[in-house]
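# Close look at the chain arrangement
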Amino acid sequence: MASVKVAVRVRPMNRREKDLEAKFIIQMEKSKTTITNLKIPEGGTGDSGRERTKTFTYDFSFYSADTKSPNYVSQEMVFKTLGTDVVKSAFEGYNACVFAYGQTGSGKSYTMMGNSGDSGLIPRICEGLFSQINETTRWDEASFRTEVSYLEIYNERVRDLLRRKSSKTFNLRVREHPKEGPYVEDLSKHLVQNYSDVEELMDAGNINRTTAATGMNDVSSRSHAIFTIKFTQAKFDSEMPCETVSKIHLVDLAGSERADATGATGVRLKEGGNINKSLVTLGSVISALADLSQDAANPLVKKKQVFVPYRDSVLTWLLKDSLGGNSKTIMIATISPADVNYGETLSTLRYANRAKNIINKPTINEDANVKLIRELRAEIARLKTLLAQGNQIALLDSPTALSMEEKLQQNEARVKHQLYVFFDNTVPRYFSATIFRIKFGVLNITSKALHYLASVVLLEFERQQREELEKLESKRTFQLEKS
Ligand SMILES: Nc1ncnc2c1ncn2[C@@H]1O[C@H](COP(=O)(O)OP(=O)(O)OP(=O)(O)O)[C@@H](O)[C@H]1O
């Protein structure tokens with residue numbers, strides 16, 4: 001179990017806000033973010049008793065409004081605080097997701113993608129992944145496979161941002177795999193060997209992304225973009241093959257916006273409606289999940305039937321696993337510091353506050369065959385303990401009816417039988433379980449490993465039996481000498 005991690009980031013005032021002589025209304029101290037409503041006089045309360053300041057506590061509050069401030073949080077610091085954990089999760093075999101949420105022009109794309117020379121989380125995470133791959137391959141015999149895909153959801157339709165123009169790029173279907181969950185049919189996947197391969201694809205995808213100038217942002221993303229890295233790792237852990245697969249979704253959402261703030265009409269207004277549909281559904285999903293988690297945390301409360309409307313929008317359907325499922329998820333809420341955006345900023349802060357309550361269930365995604373071998377090994381260890389215990393009991397009981405030799409023979413038969421049962425049950429299951437699939441060269445080693453394990457147990461068994469017989473022999477000799 002792991003809560004969704006939530007960070008809030010405030011950007012500097014932009015030209016528009018400066019021209020409007022906007023006032024700064026955001027304060028941050030450690031993990032706390034405070035917003036001030038300048039319409040309410042200092043020391044007083046509003047007509048309806050509203051307070052002038054509201055304070056929220058998040059996992060992180062990133063102050064990026066002024067580069068000269070000692071508290072300034074740079075792109076690199078955001079990566080060090082959040083991105084390195086994503087890289088770590090990938091190497092451990094967990095799924096991960098980072099999504100940026102906020103008003104148009106509040107800094108989502110800047111945080112996720114960044115500018116040239118000032119890159120954001122997505123390029124830094126990819127760079128971090130490859131630098132660790134290089135480190136690991138230098139010392140270990142691990143092998144890696146990294147695949148990326150990049151899509152946008154525009155007007156509730158999925159579009160492949162990395163597909164060549166000649167092929168179908170628009171309106172791809174979202175389907176659901178019974179085990180692996182929702183996926184996009186026919187989405188192109190690209191094998192990458194190093195960071196510059198990723199950079200090339202990212203640049204190509206960003207050019208294809210739907211953007212437009214709005215009243216709030218000259219280059220406003222009009223779609224939700226999901227950059228996905230599928231990272232597979234095969235290595236040997238204490239001489240056992242081990243394969244993990246991790247999926248990392250890096251999501252740059254389109255802005256949450258009101259038509260009046262952006263001055264949108266026509267196409268932009270329709271886009272706004274669709275963008276909001278996904279974001280409203282995202283809000284409902286977050287609320288439902290937060291309710292579920294709070295209920296689960298309180299055993300005294302009668303469990304409600306909470307419906308999570310994942311399927312109400314393409315975005316939430318595709319991010320199903322990242323929200324309340326098998327993933328380590330981070331939400332970054334980006335905000336403007338200006339009083340002119342008070343309403344939007346407060347709503348973002350509330351949204352983020354709700355998301356803190358979501359509990360996910362991340363698990364290591366291990367190959368089923370490899371898992372079976374690990375279980376097999378644990379079972380062998382258990383049998384070895386049983387064998388040892390069995391022998392001790394037999395020795396303690398020795399003066400009664402049966403002679404020691406007989407007991408030893410009985411033990412031998414019992415353990416042999418257990419071993420037969422064990423291998424009879426496990427080996428066919430093991431071999432039928434598609435172990436012959438050729439995957440990262442695991443084939444030879446896994447079947448070899450099984451033989452190795454079997455021979456280790458039998459050798460150990462023989463050694464123990466020999467020891468017992470030797471003990472018995474020396475006892476007999478001692479008794480003979482005495483008489
Ligand atoms: N923390 C920051 N530091 C410096 N500049 C920033 C920061 N955040 C955003 N900006 C600048 O503000 C402008 C708008 O940011 P950005 O495009 O990231 O907004 P957005 O939230 O992605 O907007 P939209 O939803 O319209 O796509 C850009 O010029 C960006 O470089």
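Residues numbered from 1 in each chain as written. Predicted model: local features only at pLDDT ≥ 70, side-chain atom pairs only at ≥ 80, totals over all residues. Heavy atoms only, no water.

As annotated in an unreviewed UniProt entry, the protein carries the name Kinesin-like protein and is attributed to Leptonychotes weddellii.

### Comments concerning the nonpolar core
The biggest cluster of nonpolar side chains holds 49 residues, and the ones touching the most others in it are Leu282 and Met331. For this core, the secondary-structure elements that each account for two or more residues are β2 (5-10), β3 (26-29), β7 (96-102), β10 (143-154), α7 (266-297), α8 (314-318), β19 (328-335) and α9 (342-355). Each residue touching methionine 331, except ones within four places of it in the same chain, is listed here: Val4, Lys5, Val6, Ala7, Phe99, Tyr101, Tyr351, Ala352 and Ala355. Within the second largest apolar cluster, 41 residues are counted, among which are Ala90, Ala96, Met112 and Val198. (Core = buried A, V, L, I, M, F, W, Y, C linked by side-chain atoms within 4.5 Å. Buried < 20%, exposed > 50% of the residue type's maximum accessible area, 1.4 Å probe, protein only. Helix = DSSP H or I, 4+ residues; strand = E, 2+ residues; numbered from the N terminus. Contact = heavy atoms within 4.5 Å.)

### Digging into unusual backbone geometry
Unusually for a residue other than glycine, glutamate 21 sits at a positive phi of about 50°. Note that glutamate 21 resides in the loop between α1 (15-19) and β3. According to the relative accessible area criterion, glutamate 21 is exposed, its value standing at 63%. In this model, asparagine 155 sits at a positive phi of 50°, which is unusual for a non-glycine residue. Residue position: asparagine 155 is located in the loop between β10 and β11 (157-160). Among the residues examined, asparagine 155 registers a relative accessible area of 22% and is labelled partly exposed.

### Re the pattern of salt bridges
Oppositely charged side chains can form a pair if their charged atoms are brought close together. Per the counting criterion, the structure on display carries 13 salt bridges. Note that arginine 145 is salt-bridged to glutamate 147, the shortest N-O span being 3.1 Å. By relative accessible area, arginine 145 is classed as partly exposed at 36%. Salt bridges linked by common partners bring Arg173, Arg175 and Glu185 together as one network. (Salt bridge = Lys/Arg side-chain N within 4 Å of Asp/Glu carboxyl O.)

### With respect to the UniProt feature "binding site: ATP" (unreviewed entry) in the protein
Following the UniProt record, one finds the feature "binding site: ATP" (unreviewed entry) at Gly102, Gln103, Thr104, Gly105, Ser106, Gly107, Lys108 and Ser109. Within the secondary structure, glycine 102 is located in strand β7. Residue placement: glycine 107 occurs in the loop between β7 and α3 (108-112). (UniProt positions renumbered as here; feature names shortened; annotations may be inferred.)

### Looking at α9
With 14 residues, α9 extends 20 Å between its outermost C-alpha atoms, agreeing within 8% with the 20 Å of an ideal straight helix rising 1.5 Å per residue. Taken as a whole, α9 has its buried residues at Tyr342, Glu344, Thr345, Leu346, Thr348, Leu349, Tyr351, Ala352 and Ala355. (Expected span 1.5 Å × (residues − 1).)

### Some remarks on the packing of aromatic side chains
Here the structure, examined in full by the defined rule, presents 8 aromatic pairs. With 6.1 Å between their ring centres and 25° between their planes, phenylalanine 56 and tyrosine 58 make a pair best called stacked. Note on accessibility: phenylalanine 56 and tyrosine 58 belong to one class, buried. A centroid spacing of 5.1 Å and a plane angle of 80° characterise the contact between tyrosine 150 and phenylalanine 227, whose relative ring orientation is edge-to-face. (Phe/Tyr/Trp six-rings, centres within 6.5 Å; stacked < 30°, edge-to-face > 60°.)

### Things to note about helix α5 (residues 195-208)
Taking 1.5 Å per residue, 14 residues should reach 20 Å; α5 reaches 20 Å between its end C-alpha atoms and fits that length. Of all the residues in α5, the buried ones are Tyr195, Val198, Leu201, Met202, Gly205 and Asn208. End-on view of α5: buried residues confined to an arc of 140°, all on one side of the axis. The exposed set on the far side of α5, more than 90 degrees from its buried face, consists of Glu200 and Ile207. (Arc of directions from axis to C-beta.)

### Focus: the confidence of the model for the protein
Averaged over every residue, the pLDDT of the protein is 78; residues scoring 70 or more account for 64%. Between residues 258-265, whose pLDDT stays under 50, and residues either more than four places distant or in other chains, the model counts 9 contacts. This model gives residues 426-448 a pLDDT under 50, and the stretch forms 35 contacts once residues within four places in sequence are excluded. ipTM for the predicted complex: 0.98, alongside a pTM of 0.75. (pLDDT = per-residue confidence, 0-100.)

### As for the pairing of β3
The alternating pattern of β3 places Ile26 and Met28 on a buried face and Gln27 and Glu29 on a face that is not buried. In this structure, β3 lies alongside strand β4 (residues 32-36), joined through 4 bridges in antiparallel fashion. Within β4, the position partnered with glutamine 27 by the bridge is threonine 34. Taking the residues between adjacent antiparallel strands as the criterion, β3 and β4 are bridged by 2 residues, where lysine 30 takes a positive phi near 50°. (Pairing = 2+ DSSP bridges.)

### Details of the sheet that holds strand β5 (residues 53-57)
Strand order in the open sheet formed by 3 strands is β3-β4-β5, with antiparallel pairing between adjacent strands. Lying at the two open borders of the sheet, with one neighbouring strand each, are β3 and β5. Recorded for the sheet is a direction-independent mean angle of 20° between the axes of neighbouring strands. Here 5 bridges tie β4 to β5, and the two strands are oriented antiparallel to one another. Looking across to β5, one finds that lysine 32 is bridged to threonine 57. (Axes fitted to C-alpha atoms, helices over the stretch in contact; angles between N-to-C directions.)

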